[in-house]
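Each chain is listed here by its residues.
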Amino acid sequence: MDYLPIFTKLEKRPCLVVGGGSIACRKVHLLLKAGADVTVCALEFHPTLLKQAANKELKIIEQAFAEALLENKWLVIAATNNKQVNEYIATAAHAKQLLVNVVGQADISSFILPSIVDRSPIVVAISSGGKAPVLARLIRERLETLLPMHLGRLAAISAQFRHRVKEVIKIAPLRRRYWEKLFGNGLLANLLQKGQTESAIALMETSLTEDITQGDVALVGAGPGDPSLLTLKALQLMQQADVVLYDRLVSSDILDLIRRDADLISVGKAAGNHEVEQSRTNQMLVEFAREGKKVVRLKGGDSFIFGRGGEELEELVEAGIAFQVVPGITAASGCSAYAGIPLTHRDFAQSVTFVTGHRKTDGEELNWQALAAPNQTLVVYMGLLQSQEIKTQLINHGRAPETAVALVNKGTTSDQHVVIGQLSELEQLGGGLQGPTLMIIGEVVNLADKLAWYHPDNNQPLSRDPFLVNLA
Ligand code: SAH
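The structure displayed is predicted, hence computed values, not measured ones.

*Asks:* Where do I start with helix H8 (residues 197–207) in this structure?
*Replies:* Turn by turn, an α-helix covers 3.6 residues, leaving residues three or four places apart pointing in a common direction. Residues of H8 that are buried: Ala200, Leu203, Met204 and Ser207. Looking straight down H8, one finds that the buried residues subtend no more than 100° of arc, so they occupy a single side. Against helix H5 (151–168), helix H6 (172–184) and helix H7 (187–193) lie the buried residues of H8.

In structure tokens:
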């Protein structure tokens, strides 16, 4: 980190701006917003500065910069259009150990002014340390659209209520829960957005009487791998969690987005290799929730598609634990999108079927007759080890041996690899693949060449600006 972001209290602090043009004007505007006692020294002044001086919002001194002006100042901004003068100001300010910023010259400044998203009292500052100003600006624009205007009111009203919450809820973690619940469900924000301040205060008051000692479980689908495919709700819950039980399929990039203080527990299981038995997982979910924790059960893809989400919920229902389910993008959607294979198409596939290659040992046989029918797409999860059976059964039941097949390995991640071939060579196609692999079988696979927008080998976008994709 080249610069440490700090928020300084400038209220009534004497600050000097040297320069009277439009750049100086913008800096003065910021200082005034922070309540600083501003003096502007210049030979000529922008009309806005003259007006502000007439209104007694600031002082102006019509003269060239002189060191004496630094007396009793806290902070200096050099914004003249003369490089040498700016450098002279910086040297003089450094000698007095004052905070000094020279506009456009981070190298001789002791502080820099970040881009700001202002939802006071919430303020977000963004800086690239002068290294990538356009990138910083794009991030700021993104945040401007992301952070609602009423955020400031939300923060201000909570500040008023903090004392009351402290009085009623004595235990700090429970207070955190109270605020998370209040901010998390969107009701308070909704009222403020509509300008209903009194109802908002009433809501804060009634929420104080709700039971927050009971924990809950969120069954969250983490999507197929690319962290930007997480839902906003998933991200929100991951950042509020006390404990997260996650599967082996959940990528480390996604785990990095979990709240730093949360306990992370791996309950990952590969087919036939149960790291933590399912019954133990179910039991942990119940125990943690009973301890009052906010539990997130994070699963690859969607929890209700070959994710045993239903089984875990049944256990929670029996134990009387509150829960919610957040859908995720299932591997079939993610992998097909990133490989350019539409799962249905008016000409080639009127339906799509998801099946699992891995079934309970005493489970039902798949209906191969139905699965081998033409004009449909078959997506097989956990199918790699059963490649030979899948191929033989489909061909024996009438599917053409030359039907196109795609194997999408580690789909949507930066290691995505797509292998395309024919049904008749299914086992050979998957021979060298390690890690999660999805099989897509059907004529739609032939479209992959034409529609791929991510390079099948290095997962780089083919036709879109990678910068925009990454920021999205
Ligand atoms: N609930 C998950 C599926 C779990 S079953 C979902 O909705 O996606 C595990 C299987 O899903 C893997 O064996 C593989 O077939 C498929 N899978 C999951 N993520 C994948 C990925 N990123 N790339 C390819 N296949 C994936």
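*Asks:* In this structure, what is going on with unusual backbone geometry? I would like to understand it.
*Replies:* In most cases, non-glycine residues show a negative phi, while peptide bonds are predominantly trans. Cis geometry marks the peptide bond from Ser120 to Pro121; its omega dihedral reads 5°. The topology assignment puts Pro121 in the loop between strand E6 (115–119) and strand E7 (122–126). Not every positive phi belongs to a glycine, and Lys12 is a case in point at roughly 65°. Relative to the elements of secondary structure, Lys12 occurs in the segment before strand E1 (14–18).

*Asks:* Even after reading the chapter, I still don't get the pattern of salt bridges, so can you show me in this structure?
*Replies:* One side chain can pair with another of opposite charge once the charged atoms of both are near each other. All told, the structure shown has 25 salt bridges when counted by the stated rule. The partner of Arg176 in a salt bridge is Glu180, and the shortest N-O contact between them spans 2.9 Å. Separated by 4 residues within a single helix, Arg176 and Glu180 lie in helix H6, roughly one turn from each other. The exposure class of Glu180 is buried, given its relative accessible area of 15%.

*Asks:* I would appreciate a short explanation of the packing of aromatic side chains in the present structure.
*Replies:* In this description, an aromatic ring pair is defined by two values, namely the gap between the centres and the angle between the planes. Under the definition given, this model contains 5 aromatic pairs. Ring-pair connections join several aromatic residues into one group, and the members of that group are Tyr178, Trp179 and Phe183.

*Asks:* Where do I start with the confidence of the model for the protein chain in this structure?
*Replies:* Low pLDDT marks regions whose predicted coordinates should not be analysed in detail. Counting all residues, the mean pLDDT for the protein chain is 90, and 93% of those residues have values of 70 or more. Predicted confidence for residues 464–472 stays below pLDDT 50, and this span has 11 contacts to residues more than four positions away or in other chains.

*Asks:* Could you clarify how one ought to interpret the site of the ligand in this entry?
*Replies:* Neighbouring the ligand are 18 residues; Pro224, Ile305, Thr330, Gly411 and Thr437 lie closest to it. A distance of 2.8 Å is found between a nitrogen atom of the ligand and a backbone nitrogen or oxygen belonging to Pro224. Leu438 is positioned such that a nitrogen or oxygen atom in its backbone is 3.5 Å from a nitrogen atom of the ligand. Considered class by class, the residues forming the shell around the ligand number 11 nonpolar, 5 polar and 2 charged.

*Asks:* What exactly am I supposed to notice about the sheet that holds strand E16 (residues 376–381) here?
*Replies:* Paired through backbone hydrogen bonds, the strands of a sheet run either parallel or antiparallel to each other. Here 5 strands make up an open sheet; going across it, the order is E15-E16-E19-E17-E18 and the pairing mixed. In this open sheet, the two strands that pair with only one neighbour each are strand E15 (351–356) and strand E18 (417–422). Sheet twist, expressed as the mean angle between neighbouring strand axes with direction ignored, is 20°. Bridge analysis of E16 against strand E19 (residues 437–441) gives 3 bridges, and the strand direction is antiparallel. Counted as the bridge partner of Val380 is Met439 from E19. Where helix H13 (residues 331–339) meets the sheet, it contacts E15, E16, strand E17 (404–409), E18 and E19, and its direction lies at approximately 75° from that of E19. Seen against the sheet, helix H15 (residues 387–396) touches E16 and E19 and runs at an angle of roughly 10° to E19.

Conventions and cut-offs
Residues numbered from 1 in each chain as written. Predicted model: local features only at pLDDT ≥ 70, side-chain atom pairs only at ≥ 80, totals over all residues. Heavy atoms only, no water. Buried < 20%, exposed > 50% of the residue type's maximum accessible area, 1.4 Å probe, protein only. Helix = DSSP H or I, 4+ residues; strand = E, 2+ residues; numbered from the N terminus. Arc of directions from axis to C-beta. Contact = heavy atoms within 4.5 Å. Salt bridge = Lys/Arg side-chain N within 4 Å of Asp/Glu carboxyl O. Phe/Tyr/Trp six-rings, centres within 6.5 Å; stacked < 30°, edge-to-face > 60°. pLDDT = per-residue confidence, 0-100. Near = heavy atom within 4 Å. Polar contact = N/O pair within 3.5 Å; in protein donor to acceptor, adjacent residues only side chain to side chain. Nonpolar A, V, L, I, M, F, W, Y, C, P; charged D, E, K, R; others polar. Pairing = 2+ DSSP bridges. Axes fitted to C-alpha atoms, helices over the stretch in contact; angles between N-to-C directions.

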